[in-house]
Amino acid sequence: MALEDKTKDFAARLDRRVAAHQAQQQRDRDELAALYRRSDRDQQAQVDRRRAVDAAPALDWPASGQHARRPLPAREVVISHAALLQRLDQLMWAVFDLGRAFPGQPLSRYSVVYCEALEEFFAPLVAELDISETARAEGLRELVEAAERRAREGNGGTLGVNLPGRGCYINGWLFGFMGGQSASGALQDPQVFPRILATVCHEKLGHGFIAELTAVGREKTALGLWRFDLARRFSLRTVDSPRSALLARKDELLYHVSKFTEEGWATWVDEYMLWQAAQNGLVDAAAAPKPGAQYTLQQVGQVLSAVHRRAPEFRDVVQRMDEAIRVLLVSPDPPEDLSLLFSAVRTWQQEAQLLDDAFAQMTGQPALYVLGYLLLRRLEVRLGWRNLPYAVAIAANVEYDLDNSSVTDLERLVASDPRLNVDARLALLSCLELQPGQGMSDLARQARERLSLAVPKGW
């Protein structure tokens with residue numbers, strides 16, 4: 001056979017092998033897609049059964065003006081949308097019976113601030129930075145201009161931010177801009193108000209709950225580490241000092257080992273509390289879909305398939321993410337070797353951000369919001385919705401002694417010990433299973449006895 005013929009034959013055989021390999025990969029992805037769809041259906045069926053047995057109590061709660069039930073009993077009063085935003089923490093305490101573990105409704109000690117101007121929204125952020133008045137004024141101007149530009153370009157923006165113990169600030173200007181109306185008009189708009197309410201739930205009942213009521217949150221709050229969270233979120237400059245640099249690095253380390261817990265819980269609770277608000281006549285039921293509709297495994301599968309098809313350089317990442325998702329979200333039973341679970345969590349923590357753009361294009365959010373939410377859904381199936389705040393509190397029940405620990409020691413510990421890694425602790429709790437009627441004390445007992453996790457004192 002001539003050299004040219006041999007070359008053509010080799011090329012043809014290579015093309016056939018590549019085609020066969022690609023066909024097999026597509027079959028594998030199709031099988032995964034089917035698996036993810038089945039998992040979504042099975043999970044929703046389990047959640048529905050659990051919620052039917054463990055229904056939320058009927059609450060004696062005042063209705064909101066637009067959606068007040070008619071006729072109103074004599075004891076019931078109608079409250080405004082603005083007033084309702086101040087009382088969501090009370091609704092949450094009643095729904096989850098949180099007074100048993102967190103007496104006094106501590107989130108009520110600071111208010112929700114509905115900001116009608118961008119300057120009002122951003123001023124509290126720059127006020128907390130240790131910089132000169134001139135630099136603060138310049139920073140405020142830059143934030144306002146950037147927010148206006150982003151909104152005009154149709155790229156959205158930041159809807160809310162929670163400053164622990166200081167205030168939960170809602171960007172009313174942006175809500176109004178997106179709806180082509182004033183900020184005050186958006187607050188009264190029955191189509192817009194549910195999203196405003198959900199933002200408060202996400203920021204204050206989600207992030208605020210962790211900051212104020214968990215061990216890791218209280219330690220970070222005491223050291224003012226939320227300032228570094230703001231700096232990362234808004235590209236702000238913090239004070240230039242050795243202590244500040246060390247704290248910033250420690251905050252970054254803790255962020256990377258707790259981000260799925262933080263955003264997963266905040267996303268789950270904003271969906272669930274919006275639904276509870278609708279069940280209690282506070283918003284239109286049509287604006288509060290049945291919990292579980294926000295993100296699905298099927299969507300995740302579609303994102304990963306699109307990346308696998310369009311970006312061959314990320315195929316290894318996609319394969320590792322698929323394997324981690326099987327362990328953390330799909331497998332009906334936890335792995336016998338819990339180190340596999342920790343490896344899956346570390347895969348998420350290290351590689352999910354590489355897929356953020358793809359997730360954002362298909363779901364509207366980076367990967368950590370979607371995957372974190374689905375991990376909370378997994379916990380709901382295993383533990384029941386009533387126990388999720390307590391599961392989050394146990395997951396975040398870690399004290400790092402941040403003032404005295406070195407960056408190197410902290411980095412080594414959170415990377416090697418699942419019991420010092422908040423996301424891994426939350427994933428470990430998904431190995432437990434509670435029956436309807438079992439509550440906080442049962443969860444704490446199993447966490448101690450079966451997983452050797454430290455639980456909050458008195459639980």
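Computed from a predicted structure; not experimentally measured.

What follows concerns the packing of helix α14 (residues 315–330) against helix α17 (residues 367–383). In contact at an axis separation of 10 Å, α14 and α17 are set at 30 degrees when each is read in the N-to-C sense. In terms of orientation, α14 lies roughly parallel with respect to α17. Only Leu-371, Leu-374, Leu-375 and Arg-378 of α17 make contact with α14, whose side of the interface consists of Met-321, Ile-325, Val-327, Leu-328, Leu-329 and Val-330. Broken down by class, the residue content of the contact of α14 with α17 amounts to nine nonpolar, no polar and one charged.

With that out of the way, let us pick up the pairing of strand β3 (residues 167–171). The buried count for β3 comes to five of five residues, which makes it a mostly enclosed element. Residues Gly-167, Tyr-169 and Asn-171 point to one face of β3 and Cys-168 and Ile-170 to the other, with burial holding for every one of them. For strand β1 (residues 112–115) and β3, the ladder comprises four bridges, and the chain directions are parallel. Residue pairing in the sheet places Val-112 in a bridge with Cys-168 of β3. Inspection of the sheet shows strand β2 (residues 160–163) paired to β3 by four bridges, in the antiparallel sense. Residue Val-161 lies in a different strand from β3, and its bridge partner there is Tyr-169. Hairpin connection, β2 to β3: the antiparallel pair is bridged by three residues, and Gly-165 has positive phi, about 75 degrees.

Moving on, we come to unusual backbone geometry. Located in the positive-phi region is Asp-97, a residue other than glycine, with phi close to 55 degrees. Position of Asp-97 among the secondary structure elements: in the loop between α3 (88–96) and β1.

Applying the stated criterion to the full structure yields 16 aromatic pairs. Ring centres 5.3 Å apart and planes at 45 degrees place the aromatic pair Phe-260 and Trp-348 in the tilted group. Taken together, the residues span a long stretch of sequence, with Phe-260 in helix α12 (residues 259–279) and Trp-348 in helix α15 (residues 338–351) at a distance of 88 residues. We note that Phe-260, like Trp-348, is buried.

Rules used throughout
Residues numbered from 1 in each chain as written. Predicted model: local features only at pLDDT ≥ 70, side-chain atom pairs only at ≥ 80, totals over all residues. Heavy atoms only, no water. Axes fitted to C-alpha atoms, helices over the stretch in contact; angles between N-to-C directions. Helix = DSSP H or I, 4+ residues; strand = E, 2+ residues; numbered from the N terminus. Parallel < 35°, antiparallel > 145°, perpendicular 65-115°, else oblique. Contact = heavy atoms within 4.5 Å. Nonpolar A, V, L, I, M, F, W, Y, C, P; charged D, E, K, R; others polar. Buried < 20%, exposed > 50% of the residue type's maximum accessible area, 1.4 Å probe, protein only. Pairing = 2+ DSSP bridges. Phe/Tyr/Trp six-rings, centres within 6.5 Å; stacked < 30°, edge-to-face > 60°.

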